[in-house]
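Listed below are the residues making up each chain.
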Amino acid sequence: MAWTSRASAGRRDSELATLQREVKIVNKYGLHARPAMQFVEIANRFNCKIEVANGSLVVDAKSIMSVMRLAATNGTVLKIVADGEDSAPAVEALEKLVAEGFGEE
Amino acid sequence: MKLSDIIIGDAIVPSLANKARDAVIEELVESLAEAGAVSKQKVKEITKAILTREAQATTGIGKGVALPHAKLKGVKKPIATIGCSSDGIDFASLDQKPVYSVILLLSSPDNPDEHLQAMETIFKHVQRDIFRKFLRQSESREAIIDLIKEADEVG
């Protein structure tokens, strides 16, 4: 309904929509090709802008070539920053994927 | 880590003879063996390991590039080679487009961090449009080696 979308658009506030989460890489092999692909695939399910950082290197979480550059080894803490209406489910899904070790040991 | 630390110059194939994915992978492993980087007796085994990995998820990451790879016992440090195809290879890529540049990487299963460093080094360059364009245009092993050196200098 038209009035609902107007109402939600009115609540749009960049401070409210920007979410940041830190998550540790727990699987032995780190963020290698397959996990990187899973990460990008999930990031692309959301409309919000998502960046992921390993230290000072900040990259677009929706680009596989960029995410492959993170070289995030076991024990690395990644910072996920999402900005947009669906940033909450986005950071939640990505955090879960990383925290669960991408389904690996 | 630099690209020239990883890529075995003598194993670069500027014009791949094969067009099918599996044959291209075998051709590149054979080239590594010819260059003395891996044992000739291990070509079949290495090819099989890479194809097994490829079956789990494509390494055709889009924009005409694929990075088939495997972690193998006996590989001490990451080694790679590059193969170029003007016809394009079907890698079942993420963007469903043909692959013109194949970078084949082997690394040690005992040093996952080094494997990630090698990937970082490769993708730092591969993500640049200009690098991919020049790689596709290179017609000789020497031209590709020069491109790698220049890329390393730019950092």
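Please read all numbers here as calculations on a predicted model, not as lab measurements.

With that settled, consider the packing of helix α3 (residues 33-43) of chain A against helix α5 (residues 87-99) of chain A. Residues and elements named next belong to chain A. It is at 10 Å that the axes of α3 and α5 come closest, and there the two elements cross at 165°. By the angle class used here, α3 and α5 are roughly antiparallel. The crossing of α3 and α5 is right-handed. Listed contacts from α5 to Gln-38, Phe-39, Ile-42 and Ala-43 of α3 are Ala-93, Leu-94 and Leu-97.

Attention shifts here to the sheet that holds strand β4 (residues 77-83) of chain A. All names here are of chain A. Taken together, the 4 strands give an open sheet; going across it, the order is β1-β4-β2-β3, and neighbouring strands pair in antiparallel fashion. With partners counted over all chains shown, the strands left at the sheet margins are β1 (18-24) and β3 (57-60), one partner each. Sheet twist, expressed as the average angle between the axes of neighbouring strands with direction ignored, equals 20°. Pairing between strand β2 (residues 49-54) and β3: 4 bridges, direction antiparallel. Bridged to Val-52 within β3 is Val-59. On top of the sheet, α5 reaches β1, β2 and β4; it is set at about 5° to β1, its chief contact.

In this section: helix α4 (residues 112-126) of chain B. An ideal rise of 1.5 Å per residue puts 21 Å on 15 residues; α4 of chain B measures up with 21 Å between its terminal C-alpha atoms. Every buried residue of α4 of chain B is listed here: His-115, Leu-116, Ala-118, Met-119, Thr-121, Ile-122, Phe-123, Lys-124, His-125 and Val-126 of chain B.

As a further point, take the interface of chain A and chain B. Contact with chain A, which involves 15 residues of that partner, is made by 18 residues of chain B. Classifying every residue of the side of chain A that touches chain B by side-chain character gives 8 nonpolar, 4 polar and 3 charged.

Residue and element names in this part refer to chain A. This prediction gives chain A a mean pLDDT of 88; 85% of its residues lie at or above 70. Here helix α1 (residues 2-10) is the element of chain A with the lowest mean pLDDT, 41, and β2 is the one with the highest, 98. Counting interchain partners and residues more than four positions distant, the pLDDT-below-50 stretch residues 1-12 has 2 contacts.

A separate point is the pairing of β4 of chain A. Residues and elements named next belong to chain A. Of the two faces of β4, only the one carrying Leu-78, Ile-80 and Ala-82 is buried; Val-77, Lys-79, Val-81 and Asp-83 on the other face are not. Direction of pairing for β2 relative to β4: antiparallel, over a ladder of 5 bridges. By the bridge assignment, Ala-53 is partnered in β4 with Lys-79.

Residues and elements named next belong to chain A. Phi is positive for Ala-71, close to 45°, though the residue is something other than glycine. With 23 C-beta atoms counted inside 10 Å, the residue Ala-71 sits in the buried group. Within the chain, Phe-102 stands out as a residue other than glycine whose phi angle is a positive 55°. One can find Phe-102 in the segment after α5.

A few words on the environment of Lys-76 of chain B. All names here are of chain B. Looking at the secondary structure, you find Lys-76 in the loop between β3 (69-71) and β4 (79-89). Taking the C-beta count within 10 Å as the criterion, Lys-76 has 10 such neighbours and is therefore assigned exposed. With 42 residues separating them in the primary sequence, Lys-76 and Glu-34 have C-alpha atoms 18 Å apart.

All names here are of chain B. Closest axis-to-axis distance for the helix α2 (residues 21-34)/helix α3 (residues 43-56) pair is 9 Å, and the angle between their directions is 135°. Between α2 and α3, the angle falls in the class oblique. For the pair α2 and α3, the crossing hand works out as right-handed. In contact with Asp-22, Ile-25, Glu-26, Val-29, Glu-30 and Ala-33 of α2, α3 contributes Val-43, Ile-46, Thr-47, Ile-50 and Leu-51. Grouping the constituent residues of the contact of α2 with α3 by class yields 7 nonpolar, 1 polar and 3 charged.

Before going further, it helps to examine the pairing of β2 of chain A. Here β2 of chain A shows a buried face lined by Ile-50, Val-52 and Asn-54 of chain A and an unburied face lined by Lys-49, Glu-51 and Ala-53 of chain A. Hairpin geometry of β2 of chain A and β3 of chain A is characterised by an intervening segment of 2 residues between the two adjacent antiparallel strands and by a positive phi of about 65° at Gly-55 of chain A.

Thresholds applied
- Residues numbered from 1 in each chain as written.
- Chains lettered and ligands numbered in written order.
- Predicted model: local features only at pLDDT ≥ 70, side-chain atom pairs only at ≥ 80, totals over all residues.
- Axes fitted to C-alpha atoms, helices over the stretch in contact; angles between N-to-C directions.
- Helix = DSSP H or I, 4+ residues; strand = E, 2+ residues; numbered from the N terminus.
- Parallel < 35°, antiparallel > 145°, perpendicular 65-115°, else oblique.
- Left-handed = near helix turned anticlockwise from the far one by under 90°.
- Contact = placed C-beta atoms within 7 Å.
- Pairing = 2+ DSSP bridges.
- Expected span 1.5 Å × (residues − 1).
- Buried ≥ 20, exposed ≤ 12 C-beta atoms within 10 Å, placed from the backbone.
- Nonpolar A, V, L, I, M, F, W, Y, C, P; charged D, E, K, R; others polar.
- pLDDT = per-residue confidence, 0-100.

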